[in-house]
Amino acid sequence: MQREVSSLCLSSSLKVKLVRAGFHFTDELLQLKAAQLSKEAGLSLQEALEVLQVARGAAAAAAGGGGGGGDEGGGAGRRSGGGGVTVTALELLQKEEEELRSIVTFCSALDAALGGGLPVRKTTELCGVPGVGKTQLCLQVAVDAQIPECFGGVGGQAVYVDTEGSFVVQRFVDLAAAAVRHCSLLAEDDEQRAAMTTFTVETILSNLFVVRCHDYVELLAEVYLLPDFLSQHPKVRLLVIDSIASPFRQLFDELSQRTRLLNGLAQQLISMATIHNIAVVITNQMTTKLWNGQSQLVPALGEKWGHAATQRLLLHWAGGRRLASILKSPDHMETTVQYQITTDGFRDIDQSERPSSSTGSQSKRPRIHEDQSASSKTPAADWFS
């Protein structure tokens, strides 16, 4: 069923320009590039990108059922009276059991809290203040997404969209070398030893595609082009955007326009995660919110954006300790675990520094009270069993 342009979440002025130019249905827009639409409809390049993003998001929502957990239904789907594809809950469960996997973080406490790591076919938002470890975790999972399947990994490639200039290739090399060393120690059978011949620092570097976006226009353009790239690179299992907040906080005085663009972007990321079987990881900054005369730190981009990702994690400080809290997840309880950043990457705290017990905690895991030295280094994480 074709959707009319007049029903899209666009400003009235944009809808008028599109209709006057002869565009009445979203299918007509999806056939064009941004530059071509800009010329034919008399739009700026920024406006053309916004129109295409919203149109593509609407088309993806219609195809996938319109939700973050939408499924295209595969071969078992049936058409409902409204034209959408329907599946039973049992079929969804069977499909998830067959296809859904997770990308480990190398912090076994966080992996356990998340049911195995960052889930494929879902979107995960990482929030936190500067220096708490958001980028370090992004670099870590960009390495871990390439761990061979015989070691419990997903054996894929990764795309890293850097909007802040925080991607440091030498740091990525350090994390890759640590992962290779760890897996080499775990190799026990012929299959694993054979996998180690191709799981090297060089192959990890060659399987990471890095994109630098300097503003929100470049970011929107990149996300618009990503589905074609993913179709051409079916081994990609991870998309990182570090960060989503930086390009959108720089410019927009008109909050309604920013909200429209972010909503369209969120729909596209959900669609890509589901259709292309990838994990999407987004970082977000923190901002100060005034409430009853007091200020508090909250994730940036507003309350509406807080519903965009499937799950939201908050990385934060408690004295000298780094903590990761699950703020929102449809699958897991709200809980807090401790982690550290070492020369090898994102890791558990040392076992000797874990508390033996804790009372009065309402979280899924015990709260940690001892101070943690930021410079301490843990042995390789035991996330394979």
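Each residue is numbered by its place in its chain's sequence as written, counting from 1. The predicted origin of the model limits local features to residues at a pLDDT of at least 70 and limits the giving and counting of side-chain atom pairs to 80 or more, whereas totals for whole chains, interfaces and linings rest on all residues. With hydrogens and water stripped out, all remaining heavy atoms of the structure feed into the side-chain values.

**Student:** Explanation requested: the overall build of the protein in the structure shown.
**Tutor:** When helices and strands are counted, the protein shows 14 helices and 15 strands. Out of the 385 residues belonging to the protein, those deemed buried represent 50%. Relative to all contacts within the protein whose residues are 6 or more apart in sequence, the contacts with residues 24 or more apart total 65%. Helix and strand labels come from DSSP, where a helix needs a run of H or I of at least four residues and a strand needs a run of E of at least two; each type is numbered from the N terminus. The buried label goes to any residue with under 20% of its type's maximum accessible area, the exposed label to any with over 50%, and the partly exposed label to all in between, with areas taken from a 1.4 Å probe on protein chains only. A contact between two residues is defined here by any heavy atoms of the two lying within 4.5 Å.

**Student:** Please explain the sheet that holds strand β7 (residues 208-212) as it appears in this structure.
**Tutor:** Strand pairing within a sheet occurs via backbone hydrogen bonds; the two strands may be parallel or antiparallel. One open sheet holds the 9 strands; their spatial order is β7-β6-β8-β9-β5-β12-β13-β14-β15, and the pairing between them is mixed. Edge strands, defined here as strands with exactly one partner in the open sheet, are β7 and β15 (345-347). Geometrically, the sheet is characterised by an average inter-axis angle of 25° between neighbouring strands, direction not taken into account. For helices, the axis comes from a line fit to the C-alpha atoms of the stretch in contact; other axes are also lines fit to C-alpha atoms, and the angle between any two N-to-C directions lies between 0 and 180 degrees. The strands touched by helix α8 (residues 169-186) are β7, β14 (336-342) and β15; relative to β15, the strand with the most contacts, the crossing angle is about 50°. At least two DSSP bridges between two strands are needed for those strands to be called paired.

**Student:** Quick question: what am I supposed to make of the pairing of β14 here?
**Tutor:** Regular strands place their side chains on alternate faces of the sheet. The element β14 is largely enclosed, with a buried count of 6 among its 7 residues. Bridge analysis of strand β13 (residues 321-328) against β14 gives 4 bridges, and the strand direction is antiparallel. The residue of β14 that forms the bridge with A324 is V337. Where β14 and β15 come together, 3 bridges link them in antiparallel fashion. From the neighbouring strand, T342 faces β15, where its bridge partner is G345. Connecting the antiparallel pair β14 and β15 is a turn made up of 2 residues.

**Student:** Would you take a moment to explain α8 for this structure?
**Tutor:** In an α-helix, one turn spans 3.6 residues, which is why side chains three or four residues apart end up on the same side. Multiplying 1.5 Å by the residue count of a helix minus one yields the expected span of that helix. With 18 residues, α8 extends 26 Å from end C-alpha to end C-alpha; this agrees with the ideal 26 Å at 1.5 Å per step. Where α8 is concerned, the buried positions are R171, F172, L175, A176, A178, A179, V180, H182 and C183.

**Student:** Would you mind going over the environment of M196 with me for this structure?
**Tutor:** The topology assignment puts M196 in helix α9 (residues 190-196). Filtering out sequence-adjacent residues up to four positions away, M196 remains in contact with F151, V180, C183, S184 and A187.

**Student:** Before we go on, may I ask you to explain the pattern of salt bridges in this structure?
**Tutor:** Pairing of side chains with opposite charge becomes possible as their charged atoms draw close. Throughout this description, the term salt bridge denotes a Lys or Arg side-chain nitrogen within 4 Å of a carboxyl oxygen of Asp or Glu. Scanning the entire structure with this criterion turns up 7 salt bridges. Among the salt bridges present, the one from K17 reaches E47, with a minimum N-O distance of 3.8 Å. Here K17, found in helix α1 (residues 12-20), pairs with E47, found in helix α4 (residues 45-64); they are 30 residues apart in sequence, far enough to count as distant. Here K17 falls in the partly exposed class, since its relative accessible area comes to 32%. Overall, E47 belongs to the partly exposed group, its relative accessible area being 22%. Notably, a salt bridge pairs D190 with R193, separated by 2.9 Å at the nearest N-O pair. In this pair, D190 and R193 both sit in helix α9, 3 residues apart, roughly one turn of the helix.

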